[in-house]
Amino acid sequence: MSLFFSSLNSGSNGNCYYVGCATGAVLIDAGISCRETEKRMLSLGLSLKSVKAIFISHEHTDHIKGVATLSSKFNIPVYITNKTANYCVGLKANLCRHFEEGQTITAGQLNITPFTKFHDGCDPHSFVVSYSGLTVGIFTDIGKVCKNLIHYFKKCDAAFLETNYDEQMLETGSYPLVLKRRIRSGHGHLSNTQALELFLQHRSKKLSHLLLSHLSRENNHPEIVEKTFSPYAGSTKIIVASRDQASPVFSITGNGFAAVNQSAKQLQLF
Ligand SMILES: [Zn+2]
Ligand SMILES: [Zn+2]
């Protein structure tokens, strides 16, 4: 009774997150090309044939770039809100499934619950994926910590959490003022400090993995993120998701045992 998860890519250049159990999986966002998604999943021993559905958080290119091709090539339904679907060019109507906030959707043995958040998309959502009493949250592209985020973060056994920027680096960096303002506007992205506060105040005792995600190339650095969180890690394994490659496949099981760095192949999945 294990839940497996991996970041296939994380950052403003593309986001795609895999969450699955022994009988099937879902992708949260499809922001890298279809070819790259296939390649990275294959290298992890994961098959696209196991993917029961793709869930789209919002319409920014780094979350939807590969979705139309991926969905059509592998005949995978795409769960997307009506407003967001308007921006998804090429998505086949017969593969579109609409969702609403708080409505839990079943894909195989997985339950996926979307919730609204603060971000400058037209209808932005984040998701938690649950299976057999285990919950993995995928929380990126969030302008500020809100009640919804706190509510779902508290439930997580593992979470992808945005640490987009270091406040000092953004302040002194080369981004134009208008972009700096957008990022920290409350409808942009979470800073390392904002994410750390959420982690310190609201993590569950059962949170075994925290994958820090969607790092800015210009305004952050994996080492800074690692150093910010490591002193407070306790029993939580801290992983910084890469902008350029897939993470290993991590797993959690119902009895609290956490296995790391095992590929699905080693675990004889699919
Ligand atoms: Zn993004
Ligand atoms: Zn976005």
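Structure's up top.
Just so we're clear, the structure is a prediction, and the values are computed from it rather than from any experiment. (Residues numbered from 1 in each chain as written. Chains lettered and ligands numbered in written order. Predicted model: local features only at pLDDT ≥ 70, side-chain atom pairs only at ≥ 80, totals over all residues. Heavy atoms only, no water.)

Draft legend 1. Region of the structure containing the pattern of salt bridges. Counting across every chain of the model gives seven salt bridges. Its salt-bridge partner being Lys206, residue Asp157 comes within 3.5 Å of it at the nearest N-O pair. Separated by 49 residues along the polypeptide, Asp157 in the loop between helix 5 (147-153) and strand 11 (158-162) and Lys206 in the loop between helix 8 (192-202) and strand 12 (209-213) bring together distant segments of the chain. Judged by its relative accessible area of 8%, Asp157 is buried. Arg184 is the salt-bridge partner of Glu171, the closest N and O atoms lying 3.0 Å from each other. Of this pair, Glu171 sits in helix 6 (residues 167-172) while Arg184 sits in the loop between helix 7 (177-183) and helix 8, and the two are 13 residues apart along the sequence. Residue class for Glu171 comes out partly exposed when judged on its relative accessible area of 45%. (Salt bridge = Lys/Arg side-chain N within 4 Å of Asp/Glu carboxyl O. Helix = DSSP H or I, 4+ residues; strand = E, 2+ residues; numbered from the N terminus. Buried < 20%, exposed > 50% of the residue type's maximum accessible area, 1.4 Å probe, protein only.)

Draft legend 2. Region of interest: helix 1 (residues 34-43). Within the span of helix 1, buried status applies to Cys34, Thr37, Arg40 and Met41. The arc that holds every buried residue of helix 1, seen down its axis, measures 135 degrees, which confines them to one face. Counted as exposed and oriented over 90 degrees from the buried face of helix 1: Arg35, Lys39, Leu42 and Ser43. On its buried face, helix 1 sits against strand 1 (2-9), strand 2 (16-21), strand 3 (24-28), strand 4 (51-55) and helix 3 (67-74). Immediately downstream of helix 1, the backbone of Gly45 shows phi near 80 degrees, a positive value. (Arc of directions from axis to C-beta. Contact = heavy atoms within 4.5 Å.)

Draft legend 3. Highlighting the coordination of the zinc ion (ligand 1). For the zinc ion (ligand 1), the full set of protein donor atoms is Asp62 (OD), His63 (NE2), Asp141 (OD) and His214 (NE2), and the range of their distances to it is 2.1 to 2.2 Å. Its four donor atoms give the zinc ion (ligand 1) angles of 91 to 165 degrees at the centre, a pattern that matches the irregular case. Summarised as a motif, the one-chain spacing of the donors to the zinc ion (ligand 1) is D-H-x77-D-x72-H. In this model, the zinc ion (ligand 1) sits 3.6 Å from the zinc ion (ligand 2), the two metals being bridged by Asp141. Taken together, the positions of Asp62 in helix 2 (residues 61-64) and His214 in the loop between strand 12 and helix 9 (222-229) put the pair 152 residues apart, joining distant regions of the chain. Of the residues examined, His214 reaches a relative accessible area of 1% and is grouped as buried. (Donors = N, O, S within 2.8 Å, 3.2 Å for Na, K, Ca; no water. Tetrahedral: all angles 85-135°; square planar, octahedral: opposite > 155°, others 65-115°.)

Draft legend 4. The arrangement of the coordination of the zinc ion (ligand 2) in detail. Taken together, the protein donors to the zinc ion (ligand 2) comprise His58 (NE2), His60 (ND1), His119 (NE2) and Asp141 (OD), at separations of 2.2 to 2.5 Å. Each of the four donor atoms bound to the zinc ion (ligand 2) contributes to angles spanning 91 to 167 degrees, and the resulting shape is irregular. All donors of the zinc ion (ligand 2) come from a single chain, and their spacing in sequence reads H-x1-H-x58-H-x21-D.

Draft legend 5. A look at the packing of aromatic side chains. For the coordinates displayed, the defined rule picks out ten aromatic pairs. An angle of 55 degrees between the planes, with centres 4.9 Å apart, marks the rings of Tyr17 and Phe160 as tilted. Taken together, the residues span a long stretch of sequence, with Tyr17 in strand 2 and Phe160 in strand 11 at a distance of 143 residues. Plain terms: the ring middles of Phe55 and Phe127 are 5.6 Å apart, the flat faces sit at 65 degrees to each other, and that makes the pair edge-to-face. Of this pair, Phe55 sits in strand 4 while Phe127 sits in strand 9 (residues 125-131), and the two are 72 residues apart along the sequence. Among the residues examined, Phe55 registers a relative accessible area of 0% and is labelled buried. Exposure remark for Phe127: the relative accessible area of 0% places this residue in the buried category. Members of the aromatic cluster, each reached through a chain of ring pairs, are Phe5, Tyr17, Phe160 and Phe250. Positioned over the ring face of Phe118 is Lys144, at 4.5 Å from the centre of the ring. (Phe/Tyr/Trp six-rings, centres within 6.5 Å; stacked < 30°, edge-to-face > 60°. Lys NZ or Arg CZ within 6 Å of the ring centre and 35° of its normal.)

Draft legend 6. Unusual backbone geometry, seen in detail. You will see that Asp29, though not glycine, has its phi angle at about 70 degrees, which is positive. Take Asp29: it is sitting in the loop between strand 3 and helix 1. Despite not being glycine, Asp141 shows a phi value in the positive range, around 55 degrees. Looking at where Asp141 falls in the secondary structure, it is placed in the loop between strand 10 (134-139) and helix 5. Asp141 gets classed as buried once you look at its relative accessible area, which sits at 1%.

This is a description of form; function is not addressed.
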